[in-house]
Every structure is written in C-alpha cells, then in structure tokens.
Amino acid sequence: MTTDATPVISTSQLVKNFGRTRALAGLNLSVRSGEVHGFLGPNGAGKSTTLRILLGLIRPTSGTARVFDIDPWAEPVRAHRDVAYVPGDVTLWPNLTGGEVIDLLAGLRGGADESLRRQLIDEFDFDPRKKARTYSRGNRQKAALIAAFSRPARLYLLDEPSSGLDPVMDAVFRRHVRRVTADGATVLLSSHILAEVEQLCSRVTIIRSGVAVESGTLAELRHLTRTRFRVTSPASPELLSTWRGIHDLRVDGTALEFDADAADLGHVLEALATAGITGITAAPPSLEELFMRHYGGTAAPGRGSQKDQKSQVL
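The present account deals with the structure reproduced in this document. Small disclaimer: the values here were computed from a predicted structure and weren't measured.

Right, let's talk about the overall build of the protein for a bit. When its secondary structure is counted, the protein shows ten helices and 13 strands. Expressed as a percentage of the 314 residues in the protein, the buried residues total 49%. Contacts spanning at least 24 positions in sequence make up 70% of the contacts within the protein whose residues lie at least 6 apart. Just so you have it, the protein exposes about 14,300 Å², and 50% of that area is on carbon and sulfur atoms.

Pairing within the open sheet is mixed, and its six strands lie in the order β5-β6-β7-β3-β8-β9. Each edge of the sheet is formed by a strand with only one pairing partner; in this case those strands are β5 (83–86) and β9 (211–217). Mean inter-strand twist for the sheet, computed between neighbouring axes without regard to direction, equals 15°. Note: strand β3 (residues 36–40) against strand β7 (residues 186–191), five bridges, orientation parallel.

Topologically, D159 is positioned in strand β6 (residues 155–159). Buried within the structure, D159 lacks any salt-bridge partner; its nearest side chain of opposite charge belongs to R52, at an N-O separation of 6.0 Å. A polar atom in the side chain of D159 sits 3.3 Å from the side chain of S190.

We now examine unusual backbone geometry. Positive phi, close to 50°, is recorded for Q13, a residue that is not glycine. Here Q13 is to be found in strand β1 (residues 9–18). The residue D69 is not glycine, and still its phi comes out positive at about 65°.

This part is about the nonpolar core. Residues F124, F149, Y156, L158, F173, V177 and V187 are the most contacted members of the largest nonpolar core, which totals 43 residues. Not counting chain neighbours up to four residues away, the residues in contact with Y156 comprise A84, A148, F149, R151, V180, A185, T186, V187 and L188. Core analysis: the next-biggest nonpolar cluster, separate from the first, contains 27 residues, A45, A65, A79 and L188 among them.

Okay, the pairing of strand β10 (residues 227–232) next. Residues T227, F229 and V231 line the buried face of β10, whereas the alternating positions R228, R230 and T232 sit on a face that is not buried. Bridge count between β10 and strand β12 (residues 255–260): five bridges; the pairing is antiparallel. Paired with V231 across the bridge in β12 is L256. Pairing between β10 and strand β13 (residues 279–283): five bridges, direction antiparallel. Bridge pairing links R228 to A283 in β13.

Between helix α3 (residues 98–107) and helix α5 (residues 137–149), whose axes approach to 8 Å, the crossing angle comes to 40°. In terms of orientation, α3 and α5 fall into the oblique class. The handedness of the crossing between α3 and α5 is right-handed. Within the contact between the two elements, α3 uses I102, L105 and A106 and α5 uses A143, I146 and A147. Looking at the contact of α3 with α5 residue by residue, the classes come out as six nonpolar, no polar and no charged.

Moving on to the sheet that holds β12. Hydrogen bonds along the backbone pair up the strands of a sheet, which may run parallel or antiparallel. Taken together, the four strands give an open sheet; going across it, the order is β11-β12-β10-β13, and neighbouring strands pair in antiparallel fashion. The open sheet terminates on both sides in strands that have one partner only, identified here as β11 (246–252) and β13. Taking each pair of neighbouring strands and ignoring which way they run, the sheet shows an average axis angle of 15°. The sheet contacts of helix α9 (residues 265–275) involve β10, β11, β12 and β13, and relative to β10 the element is tilted by about 0°.

Contact pair α5 / helix α6 (residues 167–182): the axes reach a minimum separation of 12 Å and the direction vectors enclose 15°. When the axis of α5 is compared with that of α6, the two are roughly parallel. The handedness of the crossing between α5 and α6 is left-handed. Between α5 and α6, the residues in contact are K142, L145 and F149 and M169, F173, H176, V177, R179 and V180, respectively. Here the contact of α5 with α6 is built from residues that sort into six nonpolar, one polar and two charged.

Another point: the pattern of salt bridges. Taken as a whole, this structure holds 14 salt bridges when the rule is applied. A salt bridge links R230 to D252; the shortest N-O distance between them is 2.7 Å. Of this pair, R230 sits in strand β10 while D252 sits in strand β11, and the two are 22 residues apart along the sequence. For D252, a relative accessible area of 37% translates into the label partly exposed. One network of salt bridges, with partners in common, ties together R228, R230, R250, D252, E257 and D259.

Rules of the game
Residues numbered from 1 in each chain as written. Predicted model: local features only at pLDDT ≥ 70, side-chain atom pairs only at ≥ 80, totals over all residues. Heavy atoms only, no water. Helix = DSSP H or I, 4+ residues; strand = E, 2+ residues; numbered from the N terminus. Buried < 20%, exposed > 50% of the residue type's maximum accessible area, 1.4 Å probe, protein only. Contact = heavy atoms within 4.5 Å. Areas by Shrake-Rupley, 256 points an atom, 1.4 Å probe, with all protein chains shown as cover. Pairing = 2+ DSSP bridges. Axes fitted to C-alpha atoms, helices over the stretch in contact; angles between N-to-C directions. Lys, Arg positive; Asp, Glu negative; His and termini not counted. Salt bridge = Lys/Arg side-chain N within 4 Å of Asp/Glu carboxyl O. Polar contact = N/O pair within 3.5 Å; in protein donor to acceptor, adjacent residues only side chain to side chain. Core = buried A, V, L, I, M, F, W, Y, C linked by side-chain atoms within 4.5 Å. Parallel < 35°, antiparallel > 145°, perpendicular 65-115°, else oblique. Left-handed = near helix turned anticlockwise from the far one by under 90°. Nonpolar A, V, L, I, M, F, W, Y, C, P; charged D, E, K, R; others polar.

Written as structure tokens, this is what we have:
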C-alpha cells in the first residue's frame with residue numbers, strides 16, 4: 001500500500017533494450033497520488049515501453065519500476081489489482097460483441113458497475129450489440145475506455161487513449177478523467193496532444209530517446225503554453241525582438257514567426273496593433289515543433305523501438 005508521500009508510480013534509472021535497440025536509457029519517473037500526470041514524447045521515445053513495464057508485460061533490462069510500491073514484474077497480480085489500462089491502438093476479439101468485450105475486460109478487475117456501464121455506453125454513443133469486427137477504430141477505442149471507466153480503479157494507465165475519437169467523444173473522455181480523479185484516482189496519460197495535456201494534467205514529464213528531459217507543472221514548463229504567431233507587418237524583426245514576451249523570432253519569406261508567453265499575450269497584441277499588421281495567425285505549437293526547438297530534434301535514430309510504436313493488443 002502507498003501513502004500520500006509514496007509515489008503511485010516510480011521508476012529509477014530504468015533501461016530496456018530490444019536486442020541492439022535501446023528503448024529506455026535510464027528513465028526516472030515519479031507520479032504522485034491523485035494527480036493526472038502527462039507523459040509526453042514523440043513516437044519511439046519510450047512511452048509505451050514504459051507503460052508495458054509498469055503493467056508487468058515486459059521485464060526491464062536494468063533499473064527499477066514500482067507501482068503502489070510493488071515490483072510489477074515480480075508481483076503483477078498484486079500490483080495491478082487496482083489498475084485500469086487503455087492502449088492507443090485497440091484490437092478486439094472479432095467474434096465477440098462490444099458488450100461482451102466490455103464485460104470480459106471489466107471482469108478481469110472484478111466486473112463492471114452496471115449503472116456506470118450503462119451511463120458510459122450512452123455517453124460514448126456506443127452500440128454494444130455489434131460484433132467487434134464491424135467496429136471502426138474510434139468504436140474499438142470506446143470499448144476499451146468504457147471497460148476501463150466502468151469499474152473504479154486507483155490508477156489509470158492511458159496510452160494515447162483518445163486516438164480515433166471525434167471532438168464530441170474526446171470531451172466525454174476528458175469528463176470521465178476528471179470524474180475519476182475527483183474520486184481520488186491517479187492517472188498517467190501518455191499523449192502527443194498538447195491541448196489535451198494542458199486541459200487535464202497537473203504535472204508532466206517529457207521523454208526523449210528513453211530518458212526524461214523535463215518534469216514539472218505546466219506553469220514551471222512555460223514554453224509548453226506559449227502561442228505561436230505568424231504575422232505579416234511592416235514592422236522590422238529588430239523592433240519585434242525588443243518586445244516583452246517574444247521568443248524564437250524568425251523570418252519566413254515575407255512573414256515573421258515567433259512564440260509569445262501566455263502572460264504577455266495582451267502586450268504583444270497591443271504592440272502588433274500599433275505596429276500595423278496585414279495578416280496574422282496564432283496557434284499553440286505542435287509537440288513535434290517543441291521537440292525540434294527545445295530538445296534538439298526528434299528521437300535519435302535507433303533509440304526508439306518498433307515495439308513502442310504499437311500499443312498493447314486487447
């Protein structure tokens with residue numbers, strides 16, 4: 001059993017090799033009780049490999065991993081009694097109906113709460129009577145999410161869980177993440193969608209080439225919440241470079257591109273209006289852009305595993 005002072009998840013110098021490929025290269029990760037912890041990184045960074053070690057599905061080459069202060073490889077049943085898992089690329093038993101799949105998966109943890117199961121099926125607009133082989137990717141994802149959320153767990157391991165969901169269903173997913181954390185559960189959310197992480201997570205860990213490069217709150221990692229601007233203006237780059245809150249100013253043809261801190265958006269917009277602009281677009285940077293800009297590029301060749309490209313098959 002963990003206490004409030006003991007991390008629900010902890011890894012120390014975690015290493016995993018697949019032959020000559022090193023998927024994890026000394027990962028340190030700590031997830032506190034009751035938080036939604038974002039686990040960010042590009043494909044091949046080691047996110048899914050980490051989750052499989054935490055699930056006791058694969059054995060680390062070296063280092064330690066603990067779930068509820070239990071070694072998941074040595075004691076998988078005890079470690080995962082209160083763990084729900086959703087992969088990002090769900091494959092279901094083709095001849096079972098969606099309802100049978102949900103009952104089978106929930107049954108592995110003691111069975112679904114029937115009232116909650118019905119509520120989830122309704123909110124996710126899911127038809128449990130159809131055979132799984134007829135489901136689209138989004139409906140396969142819904143089946144896994146309903147199974148995970150239909151019985152309370154102390155820890156939810158979610159690996160790209162909103163893959164294949166449309167915006168309406170994604171909102172339902174986020175609502176249920178908030179519900180389970182309000183009830184005291186802990187969530188480790190592996191994602192490459194910054195907007196999703198910003199809305200749900202209290203802390204994040206950024207992983208690249210199998211190691212954690214940053215960890216903290218979103219407020220502490222302010223570059224994650226900057227807005228990217230592209231403007232056409234007669235103002236010179238030299239003038240813009242003197243403005244407060246401007247970062248990574250660059251010239252792209254006839255346009256100027258830069259990032260601005262959230263706290264300085266008002267000042268930047270006022271300055272742009274004064275300088276005169278003929279065109280403007282603003283958007284949050286993609287995770288890929290953040291990695292290129294802040295961490296020296298995407299995952300190094302040969303460091304990510306092909307095993308990390310696919311989530312666990314159900």
